[in-house]
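Residue-level listing of the chains:
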Amino acid sequence: MIALKIMFWLSGFALVHTYIIYPIMVRFLSRNKKNNVIFYDQSDNLPEVSVLMAVHNEASVIKEKMESLLAQDYPAQKLSLYIGSDCSTDATNDILENYKNSNSSIHFFPFHERQGKPGVINVLEQKVSSRSARSNDHIYLLTDASVMLEHNTLKKMVRHFKNNEIVLVDAHMMYSGVGEKGIARSENKYLNAEVLVKNAESRLWGKMIGPFGGCFCIRSSHFRSVPQNYLVDDFYIAMNAMQKGGSAINDLEAKCFEQVSHKASEEYRRKKRISTGNFQNLFTFKKLLNPFTKLGFSYISHKVLRWLGPFFIIAMFVSSFILAQSDVVFFRFIFAGLIGWFFLIPSIDRLLSWVNIKIKIFRSISYFNHMNLALLHGFIEFLFGVKSSIWQPTER
């Protein structure tokens, strides 16, 4: 019985720590700290920037994206765009060809066989580095077609690279088109909370655990090609950079926007894919699982415990069920509460959604459960092996 009680309380503490204690702790400890005070100013010679972007069937957003990049308040002679179309079958290639023909800074590479996003990024980076060698003064901007930048976003990110300790800068990702429909509000709440945690980590330790892959900058000297069939390329790239001792920060002033997904099925598919990639990265960076270092403590607290969340939930279910059978009244209440949280409330929430009634706390609980189910599904797919990094854009 003692072992079961230990399993229950440790599992519960792990969930409370990763979702409540750690976010509050880093935000409290970082409240009077600054991100960085060493910036490029107007008199400085700004570094060269190469944009790396993989696209697949993005005809609905690619014009807006290209205008967003070309409108950046950054010296035109210092900015080059390298875009790879991963076997697009819509009008994406025609649109990008037109941009390429009208602007010499745009380099477009249509792929005729699916590569997956990491594969396309690797090839684009090889094209860039063959023309301009990797260096501390050459910056890569990695971005997605669905993410729109404000006119000064790039400059806000690049200004930090005057500080030689900083090797990666993440933008402030924000959702647009948030309404009452579907899971949009829950997804938006989660994103906003994640942004604040990443920003607090960067101000506190300079060790932000993973950028939002839709828009971040990295020194080309710290870029490492992503292994074949890896699904979460941004996390792999960032952790490799920090492993070398560099700082990674999030800048709340460097804003970018992406349409929020309203469909639970689409978001589940995306989170399942990310979860599979997370477990790939967990085994790749297992040497960083040292809670006595800043990077290790943040990595475990912010990411690893969340990735293992479904197993903690299962452990709480199993232990509380067995303990409830032995006349331990407290655990009978606990087990009943878990049944209510993970089964009864989502069922009620689903029934209410059919008549367009939304109770915020029920929506949040359903979203939490949905997210952990996707994590578990992703782990199962990881166990069976990742055969391909090919992706389909999320409907937004």
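See the structure printed just above.
Here is what the cut-offs are and how they apply
Residues numbered from 1 in each chain as written. Predicted model: local features only at pLDDT ≥ 70, side-chain atom pairs only at ≥ 80, totals over all residues. Heavy atoms only, no water. Helix = DSSP H or I, 4+ residues; strand = E, 2+ residues; numbered from the N terminus. Rg over C-alpha atoms; globule rule 2.2 N^0.38 Å. Buried < 20%, exposed > 50% of the residue type's maximum accessible area, 1.4 Å probe, protein only. Contact = heavy atoms within 4.5 Å. Lys, Arg positive; Asp, Glu negative; His and termini not counted. Charge placed at Lys NZ, Arg CZ, Asp CG, Glu CD. Pairing = 2+ DSSP bridges. Expected span 1.5 Å × (residues − 1). Salt bridge = Lys/Arg side-chain N within 4 Å of Asp/Glu carboxyl O. Core = buried A, V, L, I, M, F, W, Y, C linked by side-chain atoms within 4.5 Å. Axes fitted to C-alpha atoms, helices over the stretch in contact; angles between N-to-C directions. Phe/Tyr/Trp six-rings, centres within 6.5 Å; stacked < 30°, edge-to-face > 60°. Lys NZ or Arg CZ within 6 Å of the ring centre and 35° of its normal. Parallel < 35°, antiparallel > 145°, perpendicular 65-115°, else oblique. Left-handed = near helix turned anticlockwise from the far one by under 90°. Nonpolar A, V, L, I, M, F, W, Y, C, P; charged D, E, K, R; others polar. Disulfide = S-S within 2.5 Å.

Trainee: Please explain the overall build of the protein chain as it appears in this structure.
Mentor: Looking only at helices and strands, the protein chain has twelve helices and eight strands in total. A compact globule built from 396 residues should have a C-alpha radius of gyration of about 21 Å, and the protein chain, at 22 Å, falls within 12% of that. Over its C-alpha atoms, taken along the principal directions, the protein chain stretches across nearly 75 × 45 × 35 Å. The buried share of the protein chain, reckoned over its 396 residues, is 54%. Taking as baseline every contact in the protein chain between residues at least 6 positions apart, the subset at least 24 positions apart corresponds to 81%. Treating the 46 positive side-chain charges of the protein chain as one cloud and the 33 negative ones as another, the clouds have centres 7 Å apart.

Trainee: For this particular structure, what's the right way to read the pairing of strand 6 (residues 166-176)?
Mentor: Residues in a regular strand point their side chains to alternate faces of the sheet. Most of strand 6 sits inside the fold, with nine of its eleven residues counted as buried. Note: strand 6 against strand 8 (residues 247-259), nine bridges, orientation parallel. Counted as the bridge partner of Ser-176 is Gln-259 from strand 8. By the bridge criterion, three bridges tie strand 6 to strand 7 (residues 215-219) in an arrangement that is antiparallel. Bridge pairing in strand 7 places Asp-170 opposite Phe-216.

Trainee: Would you explain helix 12 (residues 360-383) in this entry?
Mentor: Helical geometry note: an α-helix holds 3.6 residues per turn, so side chains three or four residues apart project in the same direction. Between its first and last C-alpha atoms helix 12 spans 35 Å; for 24 residues at 1.5 Å apiece the expected length is 34 Å, and the two agree. Phi for Gly-385, located one or two positions after helix 12, is positive at around 95°.

Trainee: How should the pattern of salt bridges be read in this particular structure?
Mentor: Two side chains that carry opposite charge are able to pair once their charged atoms sit near each other. Taken as a whole, this structure holds 16 salt bridges when the rule is applied. We note a salt bridge from Arg-134 to Glu-125, for which the minimum N-O separation is 2.8 Å. By relative accessible area, which is 1% here, Glu-125 ends up buried.

Trainee: What's the story with the nonpolar core in this structure? I'm lost.
Mentor: Among the nonpolar cores identified, the biggest contains 43 residues, and Met-66, Ile-83 and Leu-141 are the most heavily contacted of them. Element by element, the count of residues in this core is highest for strand 6, at five residues. When residues no more than four places from it in sequence are discounted, the contact partners of Leu-141 are Val-49, Ser-50, Val-51, Leu-52, Leu-69, Leu-149, Leu-154, Met-157, Cys-215, Phe-216 and Cys-217. Ranked by size, the runner-up nonpolar core spans 41 residues in total, among them Phe-111, Ile-209, Phe-223 and Val-304.

Trainee: Mind showing me how you'd approach unusual backbone geometry here?
Mentor: With the exception of glycine, the majority of residues adopt a negative phi angle, and the majority of peptide bonds are in the trans configuration. Positive phi, close to 70°, is recorded for Asn-229, a residue that is not glycine. Here Asn-229 is to be found in the loop between strand 7 and helix 7 (233-243).

Trainee: Looking at this structure, how should I read the sheet that holds strand 7?
Mentor: As a general point, the strands of a sheet are linked pairwise by backbone hydrogen bonds and lie either parallel or antiparallel. One open sheet holds the eight strands; their spatial order is 3-2-1-4-7-6-8-5, and the pairing between them is mixed. Taken across any chain shown, the strands that pair with only one partner, and hence form the sheet edges, are strand 3 (106-111) and strand 5 (147-149). Across this sheet, the average inter-strand angle for adjacent strands is 25°, counted without regard to direction. Judged from the five bridges that link them, strand 4 (residues 138-143) and strand 7 form a sheet pairing that is antiparallel. The residue of strand 7 that forms the bridge with Leu-141 is Cys-217. Packed onto the sheet, helix 3 (residues 92-102) meets strand 1 (48-55), strand 2 (79-86) and strand 3 and runs at close to 155° relative to strand 3.

Trainee: Would you mind going over the packing of aromatic side chains with me for this structure?
Mentor: In this description, an aromatic ring pair is defined by two values, namely the gap between the centres and the angle between the planes. According to the stated counting rule, one finds 26 aromatic pairs in the structure shown. For the pair Trp-341 and Phe-342, a centre-to-centre distance of 6.4 Å together with 55° between the ring planes defines the contact as tilted. Taking NZ or CZ as reference, Arg-31 lies 3.9 Å from the ring centre of Phe-28, over its face. Over the ring of Phe-39 we find Arg-159; its NZ or CZ atom is 4.7 Å from the centre of that ring.

Trainee: Quick question: what am I supposed to make of the environment of Leu-308 here?
Mentor: Structurally, Leu-308 is set in the loop between helix 9 (294-307) and helix 10 (309-324). Classification of Leu-308 as partly exposed rests on a relative accessible area of 26%. Put simply, Leu-308 and Lys-156 are 152 residues apart on the chain and 35 Å apart in space, counted from C-alpha to C-alpha.

Trainee: Which parts of the structure should I look at to understand the packing of helix 8 (residues 264-284) against helix 12?
Mentor: Two packed helices can be described by the angle between their axes and the distance between those axes. In contact at an axis separation of 7 Å, helix 8 and helix 12 are set at 50° when each is read in the N-to-C sense. One finds that helix 8 runs oblique with respect to helix 12. Along this stretch, helix 8 crosses helix 12, giving a crossing that reads as right-handed. Every residue of helix 12 that contacts helix 8 at Ala-264, Tyr-268, Lys-271, Lys-272, Ser-275, Thr-276, Phe-279, Gln-280 and Phe-283 is listed here: Tyr-367, His-370, Met-371, Leu-373, Ala-374, Leu-375, His-377, Gly-378, Phe-379, Glu-381 and Phe-382. Residues belonging to the contact of helix 8 with helix 12 are distributed by class as follows: eleven nonpolar, six polar and three charged.

Trainee: I'm lost on the state of the cysteines in this one. Help?
Mentor: Here a disulfide denotes one covalent bond, and it connects the sulfur atoms of two cysteines. Applying the stated rule across the entire model yields zero disulfides. Left without a disulfide partner, Cys-217 is nearest to the cysteine sulfur of Cys-215, which lies 6.5 Å away. Cys-256 takes part in no disulfide bond, and the closest cysteine sulfur to it belongs to Cys-215, at a distance of 4.3 Å.

Trainee: Hey, could you run me through the packing of helix 2 (residues 62-70) against helix 3 in this one?
Mentor: At a minimum axis separation of 10 Å, helix 2 and helix 3 run at an interaxial angle of 25°. The orientation of helix 2 relative to helix 3 falls into the category roughly parallel. In the packing of helix 2 onto helix 3, the handedness of the crossing is right-handed. Here Ile-62, Lys-63, Met-66, Glu-67 and Leu-70 of helix 2 lie close against helix 3, whose contacting residues are Ile-95, Leu-96 and Tyr-99. Taken together, the residues that form the contact of helix 2 with helix 3 break down as six nonpolar, no polar and two charged.

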